[in-house]
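A closer look at the structure
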Amino acid sequence: MATVRLSFSPAPVHVRTARLVGVAVARRAGVDEALLDEVRLAIGEACTRAVALHRQYGLTELVTVEMSDSGSYTVRVIDHAPIEASIGLTKLPPDELAAESLTEDDLTTGVGFALLAGFVDDLQVRPVEDGPGTEVRMVWPVTRR
Amino acid sequence: MELSLATRTVAGHTVLEVGGEVDVYTAPRLRERLIELVDAGARDVVVDLERVEFLDSTGLGVLVGALKRLRTAQGTFGLVCAKEPLLKIFRITALDQVFPIFPTVEAATERDGTGPAS
């Protein structure tokens with residue numbers, strides 16, 4: 001079992017770093033090469049969401065990404081925003097996507113969740129156990145050891 | 001790879017070639033460029049995504065914003081994309097039903113090719 005933990009200040013520039021590390025660990029863990037684009041996108045979306053929430057609430061605390069390859073490849077992205085901020089996560093129907101009333105931020109949130117749900121078969125969004133915050137937990141199969 | 005942006009004119013259309021990674025960090029630059037183009041009078045805009053290596057929800061939000069801006073300005077907006085990983089992103093988000101998507105710049109810039117920005 002190997003675990004890699006990465007914490008970064010909630011700035012957009014660091015999301016790319018999290019993607020790069022997440023894919024590197026996935027590759028080493030033995031996640032199928034064909035899945036790595038999806039792993040990259042999903043980790044990016046989860047981190048983008050966490051950064052957006054921290055900025056929305058003026059939080060300077062670090063966002064944490066924890067990667068574990070025990071049996072499967074599990075990635076947990078942990079934010080510290082109030083839990084009610086997660087309630088807005090919903091997939092938007094096509095006819096609402098280009099509606100004038102929808103703000104770009106709301107569209108991005110809805111689309112981001114659609115991508116997470118579409119690319120990650122094993123996805124859980126749940127409150128963190130200690131203090132405010134949400135954990136986005138994503139699991140991918142490992143095919144090569 | 002860093003975001004790259006280059007503009008050219010093809011058959012009366014303004015074609016914005018985008019390369020590299022479009023994400024939460026770089027998408028604001030794409031948004032600014034698209035706003036500049038519309039403010040400068042561009043009305044038939046095509047965004048060529050062929051050299052894009054990564055596109056996330058923030059980038060998609062910027063593209064929808066441009067579509068709406070051109071719709072308001074009575075213009076047209078189309079995308080060029082033939083890469084399957086990117087096309088899958090448009091399908092999963094249902095944005096393939098929102099954007100006119102063409103396999104080549106030539107197809108996107110044919111007269112009446114893009115149709116009204118709907």
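Residues numbered from 1 in each chain as written. Chains lettered and ligands numbered in written order. Predicted model: local features only at pLDDT ≥ 70, side-chain atom pairs only at ≥ 80, totals over all residues. Heavy atoms only, no water.

You'll find chain B entered in an unreviewed UniProt entry as Anti-sigma factor antagonist, with Actinoplanes cyaneus given as the organism. UniProt, in the comment section headed Sequence similarities (unreviewed entry), describes chain B in these words: "Belongs to the anti-sigma-factor antagonist family." Under the Function (unreviewed entry) heading, UniProt states for chain B: "Positive regulator of sigma-B activity. Non-phosphorylated RsbV binds to RsbW, preventing its association with sigma-B. When phosphorylated, releases RsbW, which is then free to complex with and inactivate sigma-B." (UniProt positions renumbered as here; feature names shortened; annotations may be inferred.)

If you check an unreviewed UniProt entry, chain A appears there as Anti-sigma regulatory factor from Actinoplanes cyaneus.

On to the packing of helix 4 (residues 104-119) of chain A against helix 2 (residues 57-72) of chain B. In contact at an axis separation of 8 Å, helix 4 of chain A and helix 2 of chain B are set at 135 degrees when each is read in the N-to-C sense. Classed by the angle they form, the pair helix 4 of chain A and helix 2 of chain B counts as oblique. The hand of the helix 4 of chain A/helix 2 of chain B crossing is right-handed. Contact with helix 4 of chain A, carried on its side by Glu 104, Leu 107, Thr 108, Val 111, Gly 112 and Leu 115 of chain A, involves Ser 57, Thr 58, Leu 60, Gly 61, Val 62, Val 64 and Gly 65 of chain B of helix 2 of chain B and no other residues of that element. (Axes fitted to C-alpha atoms, helices over the stretch in contact; angles between N-to-C directions. Helix = DSSP H or I, 4+ residues; strand = E, 2+ residues; numbered from the N terminus. Parallel < 35°, antiparallel > 145°, perpendicular 65-115°, else oblique. Left-handed = near helix turned anticlockwise from the far one by under 90°. Contact = heavy atoms within 4.5 Å.)

Per the counting criterion, the structure on display carries 17 salt bridges over all chains. Glu 2 of chain B is the partner of Arg 29 of chain B in a salt bridge, and the nearest nitrogen-oxygen pair spans 3.1 Å. Pair noted here: Arg 29 of chain B is in helix 1 (residues 27-39) and Glu 2 of chain B is in the segment before strand 1 (4-10), with a separation of 27 residues, a long-range link. A cluster of three or more residues bridged by salt bridges with shared partners is formed by Arg 5, Glu 66, Arg 76, Arg 126 and Glu 135 of chain A. (Salt bridge = Lys/Arg side-chain N within 4 Å of Asp/Glu carboxyl O.)

In this section: the confidence of the model for chain B. For chain B, mean pLDDT is 93; residues scoring 70 or higher make up 92% of the total. Taking the mean pLDDT of every element in chain B, the minimum, 95, falls on helix 3 (residues 84-92) of chain B and the maximum, 98, on strand 2 (residues 13-22) of chain B. (pLDDT = per-residue confidence, 0-100.)

Next up on the list: the interface of chain B and chain A. On the side of chain A, 27 residues touch chain B, which itself brings 28 residues to the contact. Overall, the association of chain B and chain A removes approximately 2300 Å² of surface from exposure, summing both partners, and the carbon and sulfur fraction of that is 61%. Joining chain B to chain A, the criterion identifies 5 salt bridges. Inspection of the chain B/chain A interface yields 7 residue pairs in polar contact (both at pLDDT 80 or more). Sorting the residues of the side of chain B that touches chain A by element identifies strand 3 (44-55), helix 2 and helix 3 of chain B as the ones contributing at least two each. Considering every element that reaches the side of chain B that touches chain A, the biggest residue donor is helix 2 of chain B, with 10 residues. Tallied by class, the residues present in the side of chain B that touches chain A amount to 15 nonpolar, 6 polar and 7 charged. (Buried area = accessible area lost by both parts, 1.4 Å probe. Polar contact = N/O pair within 3.5 Å; in protein donor to acceptor, adjacent residues only side chain to side chain. Nonpolar A, V, L, I, M, F, W, Y, C, P; charged D, E, K, R; others polar.)

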